[in-house]
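# Working through the structure, step by step
Spelled out from the first residue to the last, the chains are:
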Amino acid sequence: MKNENLFAALRAAFPADLDAIAIETDNGLNYSWRDLDRATAMLANLLESLQLPAGSRIAVQVDKSVEALALYLATLRAGFVFLPLNTAYQSAEMEYFIGNAEPAVVVCASKNFGWVSKIAFKAGTRHVFTLDDDRTGSLLARAAAQGPGSDQHTVATRQAGDLAAILYTSGTTGRSKGAMLSHGNLLSNARVLKDYWGWRTPEQGGDVLMHVLPIFHVHGLFVAVHGALLNGSKMLWFAKFDPKRVLEKLQQATVFMGVPTLYVRLLAESGLNREAARNMRLFISGSAPLLIETFNDWTARTGHTILERYGMSETTMLTSNPCNADARYGGLSERRGGTVGFPLPGVSLRVQDDAGQSVAVGAIGDIQVKGPNVFTGYWQMPEKTQEEFTADGYFKTGDVGQVDADGYVTIVGRSKDLIISGGYNVYPAEIEATINTLPGVAESAVVGVPDADFGEVGVAVVIARPGARVAPDNILSELKKVLANFKIPKRCYVVAELPRNTMGKVQKNLLRAQYQKP
Ligand code: MCA
Ligand code: AMP
């Protein structure tokens, strides 16, 4: 049987010279391709030695490190299912994810072992390991103790439809849903992007990717990592995004991927200029709308035109501005600011009205997509999965947009009530539900307002119960105790009433306009 395991394809793309450097970290460590092969083999052998049931989930909440990346690759290699979790998640959030996914293995930072292991054991998890960003923790100790031969491993055979990863994405109503992505979903997208973004193999002079994003979301974990690995390209690995450090090393890189906030922060550095970017081939932006000013300023300062693309956790990448001339669109090669480019090869994208009819060219409607990259469904939520697909198999993205006469797609808004802040998704419904449990609160509304740094940030508008005294600062400090820090609204107002329409629904557009400025 043919092995369609994503790891097998990534491994096959390692360069012939396994002693060449695959990853160079910002604290001066070098990992060769051989190191990567051995580390993933050892971790895959460890996972296999645990005698886990087929399809077991390996849930991981750890700081970014090459070893954390090796754990992801080892999970694929052994044929299990990777479940990455944002390091900002606190106990109630973790309790939900672990309770819902029922992972067989949980890996966490040693500083969190106490509370994470409690949650995990309660949910029935049998194995909890630790992994820290200084190459310590029980996971690596156990892997190293396996003895001779443990650095050899035969990649588990998996078919394209087999599950490779689950990524939790919040819902506009209700709890987060686990988007199930198969080996075939991830590999097909990685192959399309390799071609569409013109990755240069080592024989063609090679690319070097500057990797600065977190590795618990699609952007940093799949788009960036698969791009580099499938191409045998070296990565410059940064534990955290720091604009000054990025500029110091930019001349050693050829490809950079970031959310718009990273571009905004780099533009604030006087050292960003043509000289600093002289060896770069491609700057890619996504996860949130890139403002046209950022797009234009970037070109003026560096001489490079940012390539903006669009995707989702459920679909990985859907559209992209061209890297080179796109024969499917009359040979157009222009990267148009404000647009997210063309549907990627293999992706069918349509824009529909409320009646389920496709709209005319240039008209606005709901974006729906189909393709080999589209996920297989939400983990244990068949009804939710069904709701999000049309009868003819298109996934409803919840994004609102248009396609112009040349074929460029523009996202003009969202039908889902969602705030995207610095590339992270924040669901107002979740924040409102938490605020509403606080003492003295009658109700609340959370809206997104423009922000120069994060693109958009949350503002909470709260109504107190009659006679209750509620202080905005207290609301925010209470929220900080239970929610991931990026979800905390940046401002809070306590007011007498919320604007409502005749149906009694809160008019969030009015709140957005009213609270746009502090
Ligand atoms: C940090 N804070 C934030 C955010 N990040 N608040 C709102 N939105 C955020 N994104 C909070 C911190 O907790 C802190 O609060 C305060 O804001 C200032 O923190 P700061 O030091 O400025 O933040 P940072 O640590 O520098 O992080 C900013 C960041 C980071 C580097 C932009 O948010 C980031 O890495 N974003 C990338 C996210 C990403 O990879 N998204 C891809 C999703 P306090 O002081 O109160 O603690 S994948 C996806 O969307 C799809 C599939 C796609 O198309 O790619
Ligand atoms: P997530 O579910 O966290 O992966 O977030 C996916 C959402 O991010 C999409 O549905 C879009 O709303 C948004 N998104 C991603 N890329 C872009 C982009 N280039 N422009 C505008 N929105 C984007």
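Before reading on, note that the structure itself is shown above.
Quick notes on the rules
- Residues numbered from 1 in each chain as written.
- Chains lettered and ligands numbered in written order.
- Predicted model: local features only at pLDDT ≥ 70, side-chain atom pairs only at ≥ 80, totals over all residues.
- Heavy atoms only, no water.
- Helix = DSSP H or I, 4+ residues; strand = E, 2+ residues; numbered from the N terminus.
- Contact = heavy atoms within 4.5 Å.
- Axes fitted to C-alpha atoms, helices over the stretch in contact; angles between N-to-C directions.
- Parallel < 35°, antiparallel > 145°, perpendicular 65-115°, else oblique.
- Nonpolar A, V, L, I, M, F, W, Y, C, P; charged D, E, K, R; others polar.
- Pairing = 2+ DSSP bridges.
- Phe/Tyr/Trp six-rings, centres within 6.5 Å; stacked < 30°, edge-to-face > 60°.
- Buried < 20%, exposed > 50% of the residue type's maximum accessible area, 1.4 Å probe, protein only.
- Core = buried A, V, L, I, M, F, W, Y, C linked by side-chain atoms within 4.5 Å.
- Left-handed = near helix turned anticlockwise from the far one by under 90°.

## Focus on the side chain of D37
- In this fold, D37 is placed in helix α2 (residues 33-49).
- In this structure, D37 is in contact with R11, F14 and R77, ignoring residues within four places of it in sequence.

## Considering the packing of helix α3 (residues 66-77) against helix α8 (residues 218-229)
- Between α3 and α8, whose axes approach to 13 Å, the crossing angle comes to 85 degrees. With respect to their mutual orientation, α3 and α8 come out roughly perpendicular. Of the residues in α8, those in contact with L69, Y72 and L73 of α3 are L221, F222, V225, H226 and L229.
- Here the contact of α3 with α8 is built from residues that sort into 7 nonpolar, 1 polar and no charged.

## Thoughts on the sheet that holds strand β23 (residues 441-451)
- Spatially, β23-β24-β25 is the arrangement adopted by the 3 strands of the open sheet, whose pairing is mixed. Looking at which strands have only one partner, the edges of the open sheet turn out to be β23 and β25 (491-495). Put simply, the sheet's adjacent strands are angled 25 degrees from each other on average, direction ignored.
- Relative to β25, strand β24 (residues 455-464) runs parallel, the two sharing 5 bridges. Bridging from a neighbouring strand, V461 pairs with Y493 of β25.
- Along the sheet, helix α13 (residues 428-436) contacts β23 and β24; its crossing angle with β23, the most-contacted strand, is approximately 145 degrees.
- Here helix α14 (residues 472-482) sits on the sheet in contact with β23, β24 and β25, set at roughly 130 degrees to β25.

## Looking at the packing of aromatic side chains
- Scanning all chains against the criterion turns up 21 aromatic pairs.
- Each ring, one from Y89 and one from F97, has its centre 4.9 Å from the other, and the planes form 45 degrees; the classification is tilted.
- With relative accessibility at 5%, the residue F97 sits in the buried group.
- On the numbers, 4.8 Å between centres and 65 degrees between planes, the contact of F375 with Y378 is edge-to-face. Both residues of the pair, F375 and Y378, belong to the buried class.
- Clustering of aromatic rings is evident, with ring pairs tying together Y89, Y96, F97 and Y168.

## Examining the nonpolar core
- Core analysis: the biggest nonpolar cluster contains 157 residues, and Y72, W197, F256 and M257 have the highest contact counts within it.
- Not counting residues within four places of it along the chain, the set of residues in contact with F256 comprises M210, V212, F241, V246, L262, Y263, L266, M280, L282, F283 and I284.
- Ranked by size, the runner-up nonpolar core spans 10 residues in total, among them A445, V447, I463 and Y515.

## Here we look at the packing of α13 against α14
- At a minimum axis distance of 10 Å, the contact between α13 and α14 shows a crossing angle of 110 degrees. When the axis of α13 is compared with that of α14, the two are roughly perpendicular. Judged by the sense of rotation from one axis to the other, the crossing of α13 with α14 is right-handed. Of the residues in α14, those in contact with I431, T434 and I435 of α13 are I475, L479 and V482.

Read these as geometric descriptors, not functional statements.
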